[in-house]
Amino acid sequence: MTWAADAPGLETLSDRDRARLDRLHPLDLPKGARLFQPGDAIQGYAIVLSGRVDVRLTTAAGREILLYSVVPGQSCIQSTLGLMGGDTHYTAEAETTGPTRLVLLPRHDYEALMEDSPAFRDVVFSAFGSRMRSMMELLEKLAFQTVECRLAEHLLRQLPDGETTLRSTQAELASAVGTAREVVSRKLENWAAKGWVTTARGKVTINDPNRLRKIAAAGEDPLL
C-alpha cells in the first residue's frame with residue numbers, strides 16, 4: 001500500500017523516504033476514537049491523512065480547553081515535543097472528531113528519518129513552527145480577549161460557507177473558546193434574546209453576523 005506520495009505536507013520527501021514511510025500501514029479510526037490521554041506513553045509521530053484530531057487539556061476544576069486540532073499537513077505538538085525533548089508521557093488528550101485516517105510513525109523510525117533525511121526534518125520543523133504560532137495566538141486570546149470576543153470570532157470562523165447555522169454543542173463551544181459551558185450558555189441566551197442568534201440543541205443559527213463581527217473586532221460586547 002502506498003500513501004506517502006499523496007500525503008499533504010510530504011511532497012518534498014525523496015522516493016527513498018516515501019518508500020520507508022509506505023512500509024507503515026494507515027489506521028482507520030471512527031469518530032470519538034481516543035488516541036491518547038494524560039499519562040499515556042508517547043508512541044510516535046502521527047501523520048493525519050484525512051479527518052481531524054482534537055487535542056484538549058482538562059483543568060483541575062474539570063474544564064476542558066481545546067488546545068488545537070490536527071488536520072492533514074499539520075502536526076501534533078504534544079507528540080513532537082515529547083519526541084524532541086525525550087518526554088515519555090502525554091499531558092493532554094486527543095480524540096477524532098469524525099472518521100479519520102492516520103499513520104503512526106514509531107519513535108525509532110522518526111529518529112532515523114530525522115537523522116538521515118533533511119527533507120523530513122524540514123517537514124517536522126515547519127509543521128512544529130506553524131503549530132507553535134497557533135499556540136501563541138491561543139495564549140494571547142485567552143489572556144487579552146474577552147469571552148464574548150472569542151465566542152463571536154469562533155462562531156463566525158467555524159460557520160460553513162454559505163450557511164447560517166453551526167452545528168456544535170455548548171460544551172464544544174466552551175472548550176473551543178476556553179471557558180465554562182455555563183458561561184457560553186448565558187452569552188448565547190443573551191444574544192438570542194436580542195435576536196442576534198437562535199439556539200437549538202446542538203446548533204447555533206447566526207441571524208446578525210454583522211453584530212458578531214463588531215463584537216469579535218472590539219474584543220468585548222458593550223451592550224451586555
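The protein chain has the name CRP/FNR family transcriptional regulator, anaerobic regulatory protein in an unreviewed UniProt entry, where Shimia aestuarii is given as its organism.

S.K.: Whenever I open this one, the overall build of the protein chain confuses me. Can you help?
M.R.: Across its full length, the protein chain holds 8 helices and 10 strands. Summarising its shape, the C-alpha atoms of the protein chain cover approximately 60 × 40 × 30 Å along the three principal directions. A burial count over the protein chain gives 43% of its 224 residues as buried. Residue pairs at least 24 apart in sequence account for 67% of intrachain contacts in the protein chain once pairs closer than 6 positions are excluded.

S.K.: Any chance you could explain the packing of aromatic side chains here in plain terms?
M.R.: Describing an aromatic ring pair means giving the distance of the ring centres and the angle of the ring planes. Overall, the coordinates contain 4 aromatic pairs when judged by the stated rule. Ring geometry for Tyr 110 against Phe 120: centres 6.2 Å apart, planes inclined by 75°, an arrangement best described as edge-to-face. In this pair, Tyr 110 sits in helix H3 (residues 107-116) while Phe 120 sits in helix H4 (residues 118-144), placing the two residues 10 residues apart along the sequence. Grouping residues by exposure puts Tyr 110 and Phe 120 together as buried. Site record: aromatic cluster; members linked through ring pairs are Tyr 45, Tyr 110 and Phe 120. The side chain of Lys 194 reaches across the aromatic face of Trp 196, ending 5.9 Å from its centre.

S.K.: How should helix H1 (residues 15-22) be read in this particular structure?
M.R.: Residues spaced three or four apart along an α-helix point in a common direction, a consequence of the helix completing one turn every 3.6 residues. When H1 is considered as a whole, its buried residues turn out to be Asp 17, Arg 18, Leu 21 and Asp 22. One side of H1 carries all its buried residues, which in axial view fall inside an arc of 135°. Counted as exposed and oriented over 90 degrees from the buried face of H1: Asp 15 and Arg 16. For H1, the elements touching its buried residues are strand E7 (100-106) and H3.

S.K.: How do you make sense of the pairing of strand E10 (residues 203-206) when you look at a structure like this?
M.R.: Two elements, strand E8 (residues 165-167) and E10, share 3 bridges in a ladder whose sense is antiparallel. From the neighbouring strand, Arg 167 faces E10, where its bridge partner is Lys 203. Judged from the 4 bridges that link them, strand E9 (residues 197-200) and E10 form a sheet pairing that is antiparallel. Along E10, the bridge assignment pairs Thr 199 with Val 204. Between the end of E9 and the start of E10, which pair antiparallel, lie 2 residues, with Gly 202 showing a positive phi angle near 75°.

S.K.: Just to check I follow, could you spell out the pattern of salt bridges for this structure?
M.R.: Side-chain pairing between opposite charges can occur once the charged atoms of the two side chains come close. This structure, assessed with the given rule, holds 9 salt bridges. Here Asp 116 ties to Arg 20 by a salt bridge, and the two come within 3.7 Å at their closest N and O atoms. Linking Asp 116 in helix H3 with Arg 20 in helix H1, this pair joins segments that are 96 residues apart in sequence. Overall, Arg 20 belongs to the partly exposed group, its relative accessible area being 21%. In this structure, Lys 187 and Glu 148 form a salt bridge, with 2.4 Å as the shortest nitrogen-oxygen distance. Of this pair, Lys 187 sits in helix H7 (residues 181-193) while Glu 148 sits in helix H5 (residues 147-158), placing them 39 residues apart in sequence. The same class applies to Lys 187 as to Glu 148, namely buried. Among the charged side chains, a salt-bridge network with shared partners connects Arg 52, Asp 54 and Arg 56.

S.K.: Would you take a moment to explain the pairing of strand E6 (residues 93-96) for this structure?
M.R.: Where a strand is regular, its side chains alternate between the two sheet faces. Direction of pairing for strand E2 (residues 34-36) relative to E6: antiparallel, over a ladder of 2 bridges. Note on E6: the bridge partner recorded for Phe 36 is Ala 94. Across 4 bridges, strand E4 (residues 53-58) lies against E6 in antiparallel orientation. The residue of E6 that forms the bridge with Arg 56 is Glu 93.

The rules behind the values
Residues numbered from 1 in each chain as written. Predicted model: local features only at pLDDT ≥ 70, side-chain atom pairs only at ≥ 80, totals over all residues. Heavy atoms only, no water. Helix = DSSP H or I, 4+ residues; strand = E, 2+ residues; numbered from the N terminus. Buried < 20%, exposed > 50% of the residue type's maximum accessible area, 1.4 Å probe, protein only. Contact = heavy atoms within 4.5 Å. Phe/Tyr/Trp six-rings, centres within 6.5 Å; stacked < 30°, edge-to-face > 60°. Lys NZ or Arg CZ within 6 Å of the ring centre and 35° of its normal. Arc of directions from axis to C-beta. Pairing = 2+ DSSP bridges. Salt bridge = Lys/Arg side-chain N within 4 Å of Asp/Glu carboxyl O.

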